[in-house]
Amino acid sequence: MKCFTYTYTIPALALAIILLPSQTYSWICPPTSSGKAFSSTTLAISHAPYISDGESWADGHSEEHLPSIDAVADADTDTATDDSTYLIHKGRAVNMIKRCVALEGLSLSNGWSNQATEAFTLAVEAVVRANPILTGQLVEEKKTSWPWNNKSTLRVIPGVFPPESHSFVTIVEPPSDLTSPEQAAGISATKLFHHVHNEVVPCLLDKPEFSYDQIKNASPLFDAKIMDFGDGYAAYSIKLSHAIGDGTTFFQIVSQISSYMNGRDPQPINWNNPLKSTHEIYPENFSKKDYERSYCGPFGWGVFKNIRTLSKRKCEYLLLNKDKISKKKKELQKSAENKRISSNDIIMSAICEMCGSSDVFAFDRSIRGIKEGVDKHDAGNFFWEIPFDREAGTKPSVIRNILTSDSGTFYDTDEVPLMPFLNGRVGRITSLASITHQTTFPGSQVICQFPSASFIRDLPLDVAVIFRFDEENFGIMHNFRRVMDSPLLGEIIS
């Protein structure tokens, strides 16, 4: 079985993330919706298969679609509420949101030009003007100065980074010794992967930035970078603070950038759903016991036990062949129980089969269109973390049943097990995005996409990330302490 191994030094930061019994914590960056209108998948496993089948990217654009300065200036402006600030959260999830890492992805493209760079820059500015929350600063308002009372409220003050004086796009000059992707053209997916990972990613993807870093440093909540190689190839990245939205929100913003780049009217984003400030990330059928096991003392103790393994964890990558996955899916769909399974279900089951160091996994499910009062265009952290039994998840039908059931859960009330959390045998699966694939300019084509390894580097628990690498391969990035033989993985690996 082929895999690429990269060893990262885990900082002492992990010592600061042990939970107190009253705190909420999340290690994942959530998902995004996938479907025909979006033709993409993003950050975390859920509300559809994150990796949708039969996807096709937007096409049919003409070269006249460079967004004009007037289009940027005329971008519809969203309005803040609550005394000109955006209320982010005031519930239990505040501590979780503070400890979420920013959402970030990178794309490598060919057929690029100076006009495409200009279009990208103007489109980002147009999106910022249309969504003033992106110009804001994240602040925490504490209810009391007493250290044992950790109740607080998160808000965003818009206009701290106005587009008139702050550039949201950084032009990165390629290092003189950087090999251009043109010289790597035609190489195998494995070699292309190594090229992007070793030479391009360090130039564009930042070190992990958590929401509490953005509070402490008063840093911007949104930015983009572009590196034009000058030979028709370019790489670009987009980053969004997890405090202001989940993967679906990230997808909405990237979709707006794509619309402006291609001369289309973007779909407006609603930032003012009042449920955003009180929505909690655990399923509504959770009892107090389920919540405390999942996010309080038992989980915190398990994380503490796992800290000793940080120096031994490695970031490993696998490439999975799309054709092999499709073949396996058709084979499994011949049985009634697997009739509705997706490619994403198969990949998730392979991950469950290969992990020998967790007994419970969790993935994120968007609650847009599921929870009353939450529309598909609402921005914010509208998701639930869904725990499920890892061994049961080795069957793709189990994953599909969770996603299509009325409750959208695996465990019933009071059924979340105690021992996996106490023993630190709880992991996370997230589907990472290829949504930056959408930021194409007429005449350009995305070659591959790459996730930020910040999901993996600083986490003392098992984490797997599914991502779309190129047109022929999906990828898995993981840091499992123990990897077992997986017959299913053996059938779909590139």
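1. Some remarks on the overall build of the chain
Reasoning step 1: Each helix and strand in the chain was counted, giving 14 helices and 15 strands.
Reasoning step 2: When contacts within the chain are restricted to residue pairs at least 6 apart in sequence, long-range pairs at least 24 apart make up 78% of them.
Reasoning step 3: As displayed, the chain has an accessible area near 19400 Å², and 50% of this comes from carbon and sulfur atoms.

2. What to know about the pattern of salt bridges
Reasoning step 1: Considering all chains together, one arrives at 13 salt bridges under this definition.
Reasoning step 2: Between K239 and D223 there is a salt bridge whose closest N-O contact spans 3.9 Å. Here K239, found in strand β8 (residues 233-240), pairs with D223, found in strand β7 (residues 222-228); they are 16 residues apart in sequence, far enough to count as distant. Considered together, K239 and D223 belong to a single accessibility category, that of buried residues.

3. With respect to the nonpolar core
Reasoning step 1: Counting residues in hydrophobic clusters, the biggest one holds 91 residues, and the most contacted among them are F120, F222 and I257.
Reasoning step 2: Looking at which element gives the most residues to this core, the answer is helix α3 (residues 114-130), with nine residues.
Reasoning step 3: Aside from chain neighbours lying at most four places away, what touches F222 is V124, V128, L134, F168, I238, K239, L240, I253 and I257.
Reasoning step 4: If you look at the next biggest cluster of nonpolar residues, it comprises 35 residues, including I386, I402, F474 and I492.

4. Here we look at the packing of helix α7 (residues 288-295) against helix α8 (residues 297-306)
Reasoning step 1: The interhelical angle for the contact between α7 and α8, taken along N-to-C directions, is 15 degrees, at an axis separation of 4 Å. For the element pair α7 / α8, the angle class is roughly parallel. Between α7 and α8 the crossing geometry is right-handed. Here α7 contributes E292, R293, S294 and Y295 to the contact with α8, which in turn contributes G297, P298 and F299.
Reasoning step 2: Broken down by class, the residue content of the contact of α7 with α8 amounts to three nonpolar, two polar and two charged.

5. As for the sheet that holds strand β4 (residues 137-142)
Pairing between the strands of a sheet comes from backbone hydrogen bonds, and it takes one of two forms, parallel or antiparallel.
Reasoning step 1: If you trace the three strands from one edge of the open sheet to the other, you get β2-β5-β4, paired in antiparallel fashion. The outermost strands of the open sheet, each flanked by one partner alone, are β2 (86-89) and β4. On average, adjacent strands in this sheet sit at an angle of 35 degrees to one another, irrespective of strand direction.
Reasoning step 2: Relative to strand β5 (residues 152-157), β4 is paired through six bridges, and the arrangement is antiparallel. From the neighbouring strand, E141 faces β5, where its bridge partner is T153.

6. A short note on the environment of I88
Reasoning step 1: When you line up the elements, I88 lands in strand β2.
Reasoning step 2: The buried category is assigned to I88, whose relative accessible area is 2%.
Reasoning step 3: Expressed as a C-alpha distance, the spacing of I88 and V156, which sit 68 residues apart in the sequence, is 7.0 Å.
Reasoning step 4: With residues up to four places along the chain from it excluded, the contact list for I88 reads I133, L138, L154, R155, V156, A243, I244, K276 and S277.

7. Details of the sheet that holds strand β6 (residues 169-171)
Reasoning step 1: With mixed pairing, the five strands of this open sheet are ordered in space as β6-β7-β8-β3-β13. The sheet terminates laterally at β6 and β13 (445-451), the two strands that pair on one side only. On average, adjacent strands in this sheet sit at an angle of 20 degrees to one another, irrespective of strand direction.
Reasoning step 2: Where β7 lies against β8, seven bridges are found, and the strand directions are antiparallel.

8. Looking at the confidence of the model for the chain
Reasoning step 1: Chain-level pLDDT for the chain is 80 on average; 79% of the residues reach the 70-or-more range.
Reasoning step 2: Counting interchain partners and residues more than four positions distant, the pLDDT-below-50 stretch residues 6-83 has 264 contacts.

9. Here's the deal with the packing of aromatic side chains
Reasoning step 1: Tallied over the entire structure, the rule returns 19 aromatic pairs.
Reasoning step 2: When the ring of Y317 is compared with that of F450, the centres are 5.9 Å apart and the planes differ by 40 degrees; the resulting orientation is tilted. Taken as a pair, Y317 in strand β9 (residues 315-321) and F450 in strand β13 lie far apart in primary sequence, 133 residues in all.
Reasoning step 3: Above the plane of the ring of Y291 lies R92, whose end atom (NZ or CZ) is 4.1 Å from the centre.
Reasoning step 4: In this arrangement the basic side chain of K322 is found over the ring face of F474, its NZ or CZ atom lying 5.0 Å from the centre.

The rules behind each value
- Residue positions are given per chain, counting from 1 as you read along its sequence in written order.
- Two thresholds apply to this predicted model, a pLDDT of at least 70 for residue-level local features and 80 or more for giving and counting side-chain atom pairs, whereas whole-chain, interface and lining totals are computed over all residues.
- Heavy atoms from the whole structure form the basis of all side-chain values; hydrogens and water molecules are not counted.
- The way it works is that DSSP assigns letters per residue, a run of H or I at least four long becomes a helix, a run of E at least two long becomes a strand, and they are numbered from the N terminus.
- By the convention used here, residues are in contact when the closest approach between their heavy atoms is within 4.5 Å.
- Computed by Shrake-Rupley with a 1.4 Å probe, the accessible areas treat only the displayed protein chains as cover when residues are assessed.
- For this document, the term salt bridge refers to a Lys or Arg side-chain nitrogen within 4 Å of an Asp or Glu carboxyl oxygen.
- Only protein chains enter the area calculation, which uses a 1.4 Å probe; residues under 20% of their type maximum are buried, those over 50% are exposed, and those in between are partly exposed.
- In these notes, a set of buried Ala, Val, Leu, Ile, Met, Phe, Trp, Tyr and Cys residues joined through side-chain atoms within 4.5 Å is what counts as a nonpolar core.
- Fitting a line to C-alpha atoms yields each axis, with helices limited to the stretch in contact; the angle taken between N-to-C directions then spans 0 to 180 degrees.
- Throughout this description, any angle smaller than 35 degrees is read as roughly parallel, any larger than 145 degrees as roughly antiparallel, any in the 65 to 115 degree range as roughly perpendicular, and the remainder as oblique.
- Handedness of a crossing is defined here by the sense of rotation of the near helix relative to the far one, left-handed for an anticlockwise turn of less than a right angle and right-handed for a clockwise turn.
- Each residue is assigned to one of three groups, with Ala, Val, Leu, Ile, Met, Phe, Trp, Tyr, Cys and Pro labelled nonpolar, Asp, Glu, Lys and Arg labelled charged, and all others, Gly among them, labelled polar.
- Strands are labelled as partners when DSSP assigns at least two bridges between them.
- How sure the predictor is of each residue is captured by pLDDT, a score from 0 to 100.
- What counts as a ring pair is set by centres within 6.5 Å for rings of Phe, Tyr and Trp (its six-membered ring), and what kind of pair is set by the plane angle: stacked under 30 degrees, edge-to-face over 60, tilted for all other angles.
- We count a charge as sitting over a ring when the NZ of a lysine or the CZ of an arginine lies within 6 Å of the ring centre and within 35 degrees of the ring normal.

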